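Descriptive analysis of the structure
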Amino acid sequence: MTRPAIYLDHNAASPLLPEAREALVAALAHTGNPSSVHAHGRTLRDIIETGRAQVARLAGAEPRQVVFTGSATEAITQAIVGGARAFSAGAVVVSAGEHAAAEKAADATGLPVWTIGLDGEGRIDLDQLALLLARADAEGVVLLVALHWVNNETGVVQPMGRINAMVGPTRHALFIDAVQALGRLELEFAASAPDMMAVSGHKIGGPAGIGALLVKGHADTARLIPGGGQEQGRRGGTESAALIAGFGAAAAASAYDGAAMRALTGLVEEGLRALAPDVVVFGSGAERTGNVVNFAVPGLRNATAMMALDLMGLSVSSGSACSSGKVGASHVLEAMGSAGAEGALRVSIGTATTTAEIDRFLASLHGLLARRTTMSVASAA
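On a predicted model such as this, the values are computed, not experimentally measured, just so you know.

Right, let's talk about the packing of aromatic side chains for a bit. Counted under the stated rule, the structure contains 2 aromatic pairs. For Arg135, the ring lying beneath its charged end belongs to Trp114, and the centroid distance is 3.9 Å. Across the ring face of Phe189, the terminal group of Lys216 is positioned such that the distance to the ring centre comes to 4.5 Å.

Here you go:
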């Protein structure tokens, strides 16, 4: 009898929650366009506004500050490309650990991109940020500072309080990629310093194909798709009431338990060290969300290990899922100066992950590690 597959790639996408599936299917039963003023349109508009309020509540935002987009990548691009125009930025600041969506959006502005390094644990170099802010002030340049809150590969939490204090009171704009933070940390967007934040539906158990940009009123002109005036003119295109309903329901049902997550990832790390004392756990000395273990074992190649684990019914990753299926060294780990980046594997768990699943992962990995020398030679051939 085939054992059920085990999913340990929640940072790529969390399984659709039952509440989200129910809300999505219920919304699909309604016909019309939410911009229409007749009864059918008003019904869809009510569904959208309910979803908006639910997402706003989880993000600590006002409902009006939630602008729905087709994905987090679109939200990030709107914030960076649209924000650079809206704030008349002269340069964009990113870190070396940003998601590819932020890196490519920064390049797409056509402006100089100033990059901040990471320390050995994956934390953004705040001394470098201070120097860039001082340089911009000396040169009379307005910056769009675009940084992530939680790293999608390592789970490292950036010192957001200090970043807010450094950029918030200045004339520079601050955008935060909070995709991996929503539901895991207290965002409190309305009361915090960032001008914009990006969040995503499928990272919290909602459907794929729906994201949101949280926007303060003074940043409303950070736009990307003009369209026909939807989302109060901030993002054109007919909204998907079904996807928004699913996103909202997932936000309302969010029940992340950091202590429970840390207990499970603690078992992963404990088991890894028992199996391979030379294992490297990336970012282990920094604050992390508690649901991610990114590790490497000398002699074990990630491409070979991922394929072998997949054949055993275990889904893990080598890092970001948004890299065109490439497997290899992570730019985040390379920026951290980490040895063994080419062998990194990421285990990311969710609320439905069980101890039995962790045990099975460790047992399967044990078999791989027993013959890792052979695997390393084979993959290098």
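Scanning all chains against the criterion turns up 13 salt bridges. Glu239 is paired through a salt bridge with Arg45; the nearest N and O atoms lie 3.5 Å apart. Here Glu239, found in the loop between β8 (211-215) and α7 (241-253), pairs with Arg45, found in helix α2 (residues 39-59); they are 194 residues apart in sequence, far enough to count as distant. Relative accessible area serves as the criterion here: at 9%, Glu239 is assigned to the buried category.

This part covers the sheet that holds strand β12 (residues 345-348). Strand order in the open sheet formed by 3 strands is β9-β10-β12, and the pairing between neighbours is antiparallel. The open sheet has two edge strands with one neighbour each: β9 (280-281) and β12. Of the strand pairs in this sheet, strand β10 (residues 292-296) and β12 are connected by 4 bridges, and their pairing is antiparallel. Residue Asn294 lies in a different strand from β12, and its bridge partner there is Arg346. Relative to β10, helix α8 (residues 258-275) is tilted by about 15 degrees, and along the sheet it contacts β9 and β10.

Here we come to the sheet that holds β8. Taken together, 7 strands build an open sheet; the order of strands is β2-β8-β7-β6-β5-β3-β4 and the sheet is mixed. Of all the strands in the sheet, just β2 (66-69) and β4 (113-116) have a single pairing partner and so form its edges. Within this sheet the neighbouring strands show an average axis-to-axis angle of 20 degrees, counted without direction. Of the strand pairs in this sheet, strand β5 (residues 143-148) and strand β6 (residues 173-177) are connected by 5 bridges, and their pairing is parallel. Within β6, the position partnered with Ala146 by the bridge is Phe175.

On to the side chain of His148, then. One can find His148 in strand β5. The class for His148 is buried, based on a relative accessible area of 2%. A distance of 3.5 Å separates the side chain of His148 from the side chain of Asn151, its partner in a polar contact. Polar contacts involving the side chain of His148 include one to the side chain of Gln158, which spans 3.1 Å. In contact with His148, not counting residues within four places along its chain, are Ser95, Gly97, Glu98, Ile124, Gln158, Met160 and Asp177.

Now for the nonpolar core. Counting residues in each nonpolar core, the largest one holds 61 residues, and the members touching the most others are Phe68, Leu143, Val145, Trp149, Leu187 and Phe247. Ranked by residue count, the leading element in this core is α7, at 7 residues. Once you skip the residues sitting within four places of it in the chain, Trp149 turns out to touch Val156, Val157, Gln158, Met160, Ile176, Asp177, Ala178, Ala181, Leu185, Glu186, Leu187 and Met197. Formed by 28 residues, the second largest nonpolar core is a distinct cluster that contains Leu264, Met306, Leu345 and Leu365.

Before going further, it helps to examine the confidence of the model for the protein. Taken over all residues, the pLDDT of the protein has a mean of 94, while the share at 70 or more is 94%. Note on residues 375-379: pLDDT under 50 across the span, and 7 contacts to partners over four residues away in sequence or across chains.

Running from N to C, α2 and α7 point in directions that differ by 35 degrees, and their axes come no closer than 8 Å. As for how α2 packs across α7, the hand of that crossing is left-handed. Note on element contacts: α7 touches α2 through Ala241, Ile244, Ala245, Phe247, Gly248, Ala249, Ala251 and Ala252, opposite Leu44, Ile47, Ile48, Gly51, Arg52, Gln54, Val55 and Leu58.

The terminal C-alpha atoms of helix α11 (residues 355-370) lie 23 Å apart, and with 16 residues this matches the ideal 22 Å at 1.5 Å per residue to within 8%. Every buried residue of α11 is accounted for by Ile358, Arg360, Phe361, Leu362, Ser364, Leu365, Leu368 and Leu369.

Moving on: α8. One turn of an α-helix holds 3.6 residues; hence residues three or four places apart share an orientation. Here α8 is 18 residues long and its end C-alpha atoms lie 25 Å apart, about the 26 Å a rise of 1.5 Å per residue gives. Of the positions making up α8, those classed as buried are Gly258, Met261, Leu264, Thr265, Val268, Glu269, Gly271 and Leu272. Down the axis of α8, the buried side of the element spans an arc of 160 degrees, and every buried residue falls inside it. Every exposed residue of α8 that faces more than 90 degrees away from the buried side is listed here: Glu270 and Ala274. Taken together, the buried residues of α8 touch β9, β10 and α11. Here α8 starts with a cap whose side-chain oxygen sits 3.2 Å from the backbone nitrogen of Ala259, and that cap is Asp257.

With that out of the way, let us pick up unusual backbone geometry. Positive phi, normally seen in glycine, also occurs at Glu231, with a value near 55 degrees. The residue Glu231 is located in the loop between β8 and α7 in this model. Classification of Glu231 as buried rests on a relative accessible area of 4%. Positive phi is not limited to glycine here, since Gln232 has a value of about 55 degrees.

Here the focus is the environment of Ser330. Checked against the element boundaries, Ser330 lands in the loop between β11 (314-315) and α10 (331-335). On a C-alpha basis, the gap between Ser330 and Gly343 in space is 9.2 Å, while along the polypeptide they are 13 residues apart. A polar contact of 2.4 Å, which involves the side chain of Ser330, links it to the side chain of Glu153. Here Leu333 takes part through its backbone nitrogen, which lies 3.2 Å from a polar atom of the side chain of Ser330.

Quick notes on the rules
Residues numbered from 1 in each chain as written. Predicted model: local features only at pLDDT ≥ 70, side-chain atom pairs only at ≥ 80, totals over all residues. Heavy atoms only, no water. Phe/Tyr/Trp six-rings, centres within 6.5 Å; stacked < 30°, edge-to-face > 60°. Lys NZ or Arg CZ within 6 Å of the ring centre and 35° of its normal. Salt bridge = Lys/Arg side-chain N within 4 Å of Asp/Glu carboxyl O. Helix = DSSP H or I, 4+ residues; strand = E, 2+ residues; numbered from the N terminus. Buried < 20%, exposed > 50% of the residue type's maximum accessible area, 1.4 Å probe, protein only. Pairing = 2+ DSSP bridges. Contact = heavy atoms within 4.5 Å. Axes fitted to C-alpha atoms, helices over the stretch in contact; angles between N-to-C directions. Polar contact = N/O pair within 3.5 Å; in protein donor to acceptor, adjacent residues only side chain to side chain. Core = buried A, V, L, I, M, F, W, Y, C linked by side-chain atoms within 4.5 Å. pLDDT = per-residue confidence, 0-100. Left-handed = near helix turned anticlockwise from the far one by under 90°. Expected span 1.5 Å × (residues − 1). Arc of directions from axis to C-beta.

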